[in-house]
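# Understanding the architecture of this molecule
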Amino acid sequence: MFDFRSDTVTQPTAEMRSAMATAVVGDDVYGDDPTVNKLEAMAADRYGFDAAIFCSSGTQANLLAIMAHCQRGENTFVAKMPIIIVGKVVVQLC
């Protein structure tokens, strides 16, 4: 069973560790990581988008979501006690 409450709750299985250890890798900053490229292409295709981006953590995904909706220095409204404020310092970056 997988627990997606946090990126640190579920520990990788032996099969997951093996896949990570044997994955073909490259520099994703330059678009040279074939594994990341394939994952992004599969996600874009599955959800009907032209492109997708791989976020290595929930914190990174939350930061990108906030930065897509506000400029640095702007305020944003969030629900009472959201993880983005309680569990992260992401909001301070906007």
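Residues numbered from 1 in each chain as written. Predicted model: local features only at pLDDT ≥ 70, side-chain atom pairs only at ≥ 80, totals over all residues. Heavy atoms only, no water.

### Observations regarding the overall build of the protein chain
- Counting its secondary structure elements, the protein chain contains 4 helices and 0 strands.
- Its helices and strands in sequence order give the protein chain the pattern α-α-α-α, from N to C terminus.
- Counting every position in the protein chain, which comprises 94 residues, the buried fraction comes to 10%.
- Across the protein chain, contacts joining residues at least 24 apart in sequence account for 25% of those joining residues at least 6 apart.
- In the structure as shown, the protein chain presents an accessible area of about 8000 Å², 59% of it carried by carbon and sulfur atoms. (Helix = DSSP H or I, 4+ residues; strand = E, 2+ residues; numbered from the N terminus. Buried < 20%, exposed > 50% of the residue type's maximum accessible area, 1.4 Å probe, protein only. Contact = heavy atoms within 4.5 Å. Areas by Shrake-Rupley, 256 points an atom, 1.4 Å probe, with all protein chains shown as cover.)

### Points about helix α2 (residues 34–47)
- Along its 14 residues, α2 runs 20 Å from first to last C-alpha, staying within 8% of the 20 Å computed at 1.5 Å per residue.
- If you check the start of α2, you find a side-chain oxygen 3.0 Å away from the backbone N of T35, and it comes from D33.
- Once α2 finishes, G48 follows within two positions and takes phi at roughly 75°, a positive value. (Expected span 1.5 Å × (residues − 1). Polar contact = N/O pair within 3.5 Å; in protein donor to acceptor, adjacent residues only side chain to side chain.)

### Describing the confidence of the model for the protein chain
- Overall, the predicted model of the protein chain reaches an average pLDDT of 81, with 80% of residues at or above 70.
- Per-element confidence in the protein chain ranges from a low mean pLDDT of 60 for helix α4 (residues 83–86) to a high of 95 for α2. (pLDDT = per-residue confidence, 0-100.)

### Digging into the environment of N37
- Take N37: it is sitting in helix α2.
- In this structure the C-alpha to C-alpha distance between N37 and G26, which are 11 residues apart in sequence, comes to 9.9 Å.

### Concerning the side chain of D33
- With respect to the helices, strands and loops of the structure, D33 is situated in the loop between α1 (14–22) and α2.
- We note that D33 is buried and unpaired, the nearest opposite charge coming from K38 at a distance of 11 Å.
- A distance of 3.4 Å separates a polar side-chain atom of D33 from the backbone nitrogen of G26.
- Not counting chain neighbours up to four residues away, the residues in contact with D33 comprise V24, V25, G26, D27 and D28. (Lys, Arg positive; Asp, Glu negative; His and termini not counted. Salt bridge = Lys/Arg side-chain N within 4 Å of Asp/Glu carboxyl O.)

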